[in-house]
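Listed here are the chains, written in short residue letters.
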Amino acid sequence: RKKMKNVLLLIAILTMCVTFSACNKGAAAASEEPVEAFENAVTYENAQYGFSVQLPSDFAPQNNDEQLEKDRGGKLYIRKGCMVDMQCTDKSEAVLTPEEIVSNGIGFCATSDDCTVIERKVEGTEGIVKYQDKFGYRAEYYKCMPDKKLYTISFTYDSDKKKEYDDEVDKIIKSLKVKE
């Protein structure tokens with residue numbers, strides 16, 4: 001229980017950092033790769049910000065609090081040992097590039113005990129940082145849109161869920177659809 005509280009606190013801190021960030025104007029990079037759907041996928045749709053994300057069918061929403069979802073600009077989905085948090089923000093006054101956002105994620109990792117960056121990539125208007133820390137495997141994905149909306153998908157997988165992490169994170173990211 002304490003471990004889960006620590007994980008949720010960490011996600012909240014990362015989310016707050018991202019909430020006060022936005023993106024430079026620029027064209028959204030369209031992915032040419034076909035999305036490999038999950039068998040019996042669960043789809044999260046956010047009408048407020050016009051985006052959707054597919055998850056494996058065994059993920060379930062943390063709660064059904066519509067006001068919380070509206071306030072956060074997204075929803076947290078969980079399953080045993082895994083969390084995926086999908087959000088969008090457009091309230092920020094600060095403008096950061098995807099490179100700066102990913103660097104902030106790496107900087108956060110550098111200040112934590114037992115944290116190792118696994119992957120860091122910025123391409124056009126998108127960026128990702130994957131890392132492992134004492135809580136497990138994590139990833140932070142960012143997609144910046146020309147209208148200064150920032151889409152974020154945060155992942156947390158327990159240390160014994162490495163195979164699922166490797167199999168699912170990129171697939172979930174590729175499933176992100178934004179209405180333009």
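The preceding data block contains the structure.
In this text, all values refer to a predicted model and were calculated from it rather than measured experimentally.

A. Geometry of the pattern of salt bridges. One pass over the full model with this rule turns up 11 salt bridges. Its salt-bridge partner being lysine 75, residue glutamate 69 comes within 3.8 Å of it at the nearest N-O pair. By relative accessible area, which is 18% here, glutamate 69 ends up buried. Taken together, the shared-partner salt bridges in this structure form one network comprising Asp58, Arg79 and Glu168.

B. Just the environment of valine 169, in detail. By secondary structure assignment, the location of valine 169 is in helix 4 (residues 162-174). Among residues more than four places away in sequence, those in contact with valine 169 are Lys130, Ala139, Phe155, Tyr157 and Glu164.

C. Region of the structure containing the side chain of arginine 79. When you line up the elements, arginine 79 lands in strand 4 (residues 74-79). Engagement of the side chain of arginine 79 in a polar contact is seen with the side chain of aspartate 58, the distance being 2.9 Å. Here arginine 79 is in contact with Pro56, Asp58, Phe59, Tyr157, Glu164 and Glu168, once residues within four sequence places are set aside.

D. View of the sheet that holds strand 4. With antiparallel pairing, the seven strands of this open sheet are ordered in space as 3-4-5-9-8-7-6. The two strands at the open ends of the sheet, each matched to only one other strand, are strand 3 (60-61) and strand 6 (116-123). Where helix 3 (residues 98-110) meets the sheet, it contacts strand 6, strand 7 (126-133), strand 8 (136-144) and strand 9 (150-157), and its direction lies at approximately 175° from that of strand 6. Relative to strand 9, helix 4 is tilted by about 170°, and along the sheet it contacts strand 4, strand 5 (82-89), strand 7, strand 8 and strand 9.

E. Highlighting the pairing of strand 6. By the bridge criterion, seven bridges tie strand 6 to strand 7 in an arrangement that is antiparallel. In the sheet register, glutamate 119 faces strand 7, and the bridge partner there is lysine 130. What sits between strand 6 and strand 7 in their antiparallel hairpin is a turn of two residues, with glycine 124 showing a positive phi close to 60°.

F. The sheet that holds strand 2 (residues 51-55), seen in detail. Here we have three strands laid out as an open sheet, ordered 1-2-10, and antiparallel in their pairing. The sheet is open, and its two borders are formed by strand 1 (42-46) and strand 10 (177-178), each paired with just one other strand. In terms of strand pairing, strand 2 meets strand 10 through two bridges, oriented antiparallel. Considered in strand 10, the bridge of phenylalanine 51 is made with valine 178.

G. Highlighting the side chain of serine 175. Mapped onto the fold, serine 175 is located in the loop between helix 4 and strand 10. Residue serine 175 is classed as buried on the basis of its relative accessible area, which comes to 5%. One polar contact links the side chain of serine 175 to the main-chain carbonyl oxygen of isoleucine 172, over a distance of 2.7 Å.

Thresholds, definitions, all that
Residues numbered from 1 in each chain as written. Predicted model: local features only at pLDDT ≥ 70, side-chain atom pairs only at ≥ 80, totals over all residues. Heavy atoms only, no water. Salt bridge = Lys/Arg side-chain N within 4 Å of Asp/Glu carboxyl O. Buried < 20%, exposed > 50% of the residue type's maximum accessible area, 1.4 Å probe, protein only. Helix = DSSP H or I, 4+ residues; strand = E, 2+ residues; numbered from the N terminus. Contact = heavy atoms within 4.5 Å. Polar contact = N/O pair within 3.5 Å; in protein donor to acceptor, adjacent residues only side chain to side chain. Pairing = 2+ DSSP bridges. Axes fitted to C-alpha atoms, helices over the stretch in contact; angles between N-to-C directions.

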